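Examining the three-dimensional arrangement
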Protein chains: 2
Amino acid sequence: MPEVVIMKEIKGKNEDHARANREKFAEDHVLMVNIMGAPGAGKTSFLMALCKELKRRGIKSAVIEGDLYSSIDTDEFTKEGFDSLQINTEGECHIDASVVRRGYDKLGFTDGVVFVENVGNLICPAEFDLGEALRIITASVPEGDDKPYKYVPMYSYVDAVVLTKCDLKEAVGFDTGFFIRGLRAVNEAPVFETSVRSVESAEGICAVADLIEDRFKEV
Amino acid sequence: MPEVVIMKEIKGKNEDHARANREKFAEDHVLMVNIMGAPGAGKTSFLMALCKELKRRGIKSAVIEGDLYSSIDTDEFTKEGFDSLQINTEGECHIDASVVRRGYDKLGFTDGVVFVENVGNLICPAEFDLGEALRIITASVPEGDDKPYKYVPMYSYVDAVVLTKCDLKEAVGFDTGFFIRGLRAVNEAPVFETSVRSVESAEGICAVADLIEDRFKEV
């Protein structure tokens, strides 16, 4: 089947680009973090809170924003004084390693953490290594507690799970135990509970910042 | 570029299958409805409420459930006595017309409404015509009011928009006017407000059932 051959070729090329990215990030003393999640999972709000916490700790961060269309998210980061760059995929369902590299080279950023906010999609981004050192999925409580059972490749792919909008747990009847059992069937990744709308959120964001800080020391 | 040629070939074949499906559905006096939406948009809960309302009106319905993995959703429909069939895409990001046809032929259903619950994804399903007569997107309030600005191809593709989880509008600060302005930039489709957790939901579900009933009369 020719489409299988072509897909293998595309993914093979992506692996080469990802490898080159990894070398470049190491040279530049950059920790690259790939943030994935469904549309509306709260990736941008979580990322904003995280970047502010890292800034308080004296760690520089920059954001590469992936969206099909619009620059709504980059505008927010620019307003807050963070280096940021918008990638519009114009309909594409994921970002690949070569696209990240073009964005990264434009940013001209070194000695810090670069976050890639991937396209809102729980499927296709799990097939494209960007050369990142850390993969985080943001899973919003209103999406439901059954998602690890349904989106197995994505939930297998990540190094950490950030539960967002935890203030809505009661309102939507989210069963944390059921969610974690589904996750544990495929992945031992740590789970962080956050909510940017409630005071208790700070604890979860700080715990993620601890993880980022630890991993940045290893770069 | 070979991948572009291959994609055209795949989509060309899909168009042929979609055309054949349309003829078959007309022969069988079936209205086929494609339900799309992000992961956790509430497609299944909305669909369950809608099928029950159609049953009250004496209209038969059946459900073809698309998921990467698991049969969580089909089990619910079977329990409620509806004809249903699970399609596991095993990682694929959308359902195509030939897959729908195989499922439909197994169902052996005529003279009613067949719903296809597509894979949770706001991008790829908008590229694959299934031969359906009606396309509905379920957009959940917690996803945020900016989605029509970001997922333009999907919001252009549909015939009706069902807002779900409307009981959470206040909790998440959803701006209905902003959402509708984004939608209106690309599509004049009607918007239905629903929530399966609040009493007022019935009105929105009934309005969608009216639309389905009207379209079914035309089959």
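Provided above is the structure to which this section pertains.
**Considerations on helix α3 (residues 72–79) of chain A**
Residues and elements named next belong to chain A.
- Within α3 the residues assigned to the buried category are Asp73, Thr74 and Phe77. Each buried residue of α3 sits inside an arc of 95° when the element is viewed along its axis, so together they form one side.
- Buried residues along α3 sit against α2 (43–56), β2 (61–67), β3 (83–88) and β4 (112–117).
- Immediately beyond the C-terminal end of α3, within one or two residues, lies Gly81, with a positive phi of roughly 85°.

**Comments concerning unusual backbone geometry**
All names here are of chain A.
- Although it is not a glycine, Ser70 sits at a positive phi angle of roughly 80°.
- Inspection of the secondary structure puts Ser70 in the loop between β2 and α3.
- In this structure Ser70 comes out as partly exposed when scored by C-beta crowding, with 18 C-beta atoms within 10 Å.
- Its identity is not glycine, yet Glu90 carries a phi of approximately 50°, on the positive side.
- Positionally, Glu90 belongs in the loop between β3 and α4 (97–107).
- Among the residues examined, Glu90 registers 10 C-beta atoms within 10 Å and is labelled exposed.

**Digging into the sheet that holds strand β3 (residues 83–88) of chain B**
Residues and elements named next belong to chain B.
- With respect to topology, seven strands assemble into an open sheet ordered β3-β2-β4-β1-β5-β6-β7, the strand pairing being parallel. Across the chains shown, the open sheet's two edge strands, defined by having one partner strand only, are β3 and β7 (191–193). Within this sheet the neighbouring strands show an average axis-to-axis angle of 20°, counted without direction.
- Sheet topology places strand β1 (residues 30–37) next to strand β5 (residues 134–140); five bridges connect them, and they run parallel. Residue Val33 lies in a different strand from β5, and its bridge partner there is Leu134.
- Contacts from helix α3 (residues 72–79) reach β2 (61–67), β3 and β4 (112–117) within the one sheet, and its direction differs from that of β3 by about 175°.

**Details of the interface of chain B and chain A**
- Each partner contributes residues to the interface: chain B has 33 residues there, and chain A has 33 residues.
- Only α1 (2–27), α5 (147–150) and α6 (152–157) of chain B provide two or more residues apiece to the side of chain B that touches chain A.
- In terms of residue count, α1(B) provides more of the side of chain B that touches chain A than any other element does, four residues in total.
- Counted by class, the side of chain B that touches chain A contains 19 nonpolar, seven polar and seven charged residues.

**Some remarks on the relation of the copies chain B and chain A**
- At an RMSD of 0.0 Å, chain B and chain A line up after a rotation of 180° and a shift of 0.0 Å along the axis. Such values leave the two copies arranged in the relation of a two-fold axis.
- A symmetric contact is evident, with 100% of the interface residues of chain B recurring at the interface of chain A.

**Some remarks on the sheet that holds β4(A)**
All names here are of chain A.
- The strand order across the open sheet formed by seven strands is β3-β2-β4-β1-β5-β6-β7, and the pairing between neighbours is parallel. Each edge of the sheet is formed by a strand with only one pairing partner; in this case those strands are β3 and β7 (191–193). Pairs of neighbouring strands in the sheet enclose a mean axial angle of 20°, with direction left out of account.
- Against the sheet, α2 contacts β1 (30–37), β2, β4, β5 (134–140) and β6 (160–164), and its axis sits at roughly 175° relative to β4.

Cut-offs used in this document
Residues numbered from 1 in each chain as written. Chains lettered and ligands numbered in written order. Predicted model: local features only at pLDDT ≥ 70, side-chain atom pairs only at ≥ 80, totals over all residues. Buried ≥ 20, exposed ≤ 12 C-beta atoms within 10 Å, placed from the backbone. Helix = DSSP H or I, 4+ residues; strand = E, 2+ residues; numbered from the N terminus. Arc of directions from axis to C-beta. Contact = placed C-beta atoms within 7 Å. Pairing = 2+ DSSP bridges. Axes fitted to C-alpha atoms, helices over the stretch in contact; angles between N-to-C directions. Nonpolar A, V, L, I, M, F, W, Y, C, P; charged D, E, K, R; others polar. Least-squares fit on C-alpha atoms with pLDDT ≥ 70 in both.

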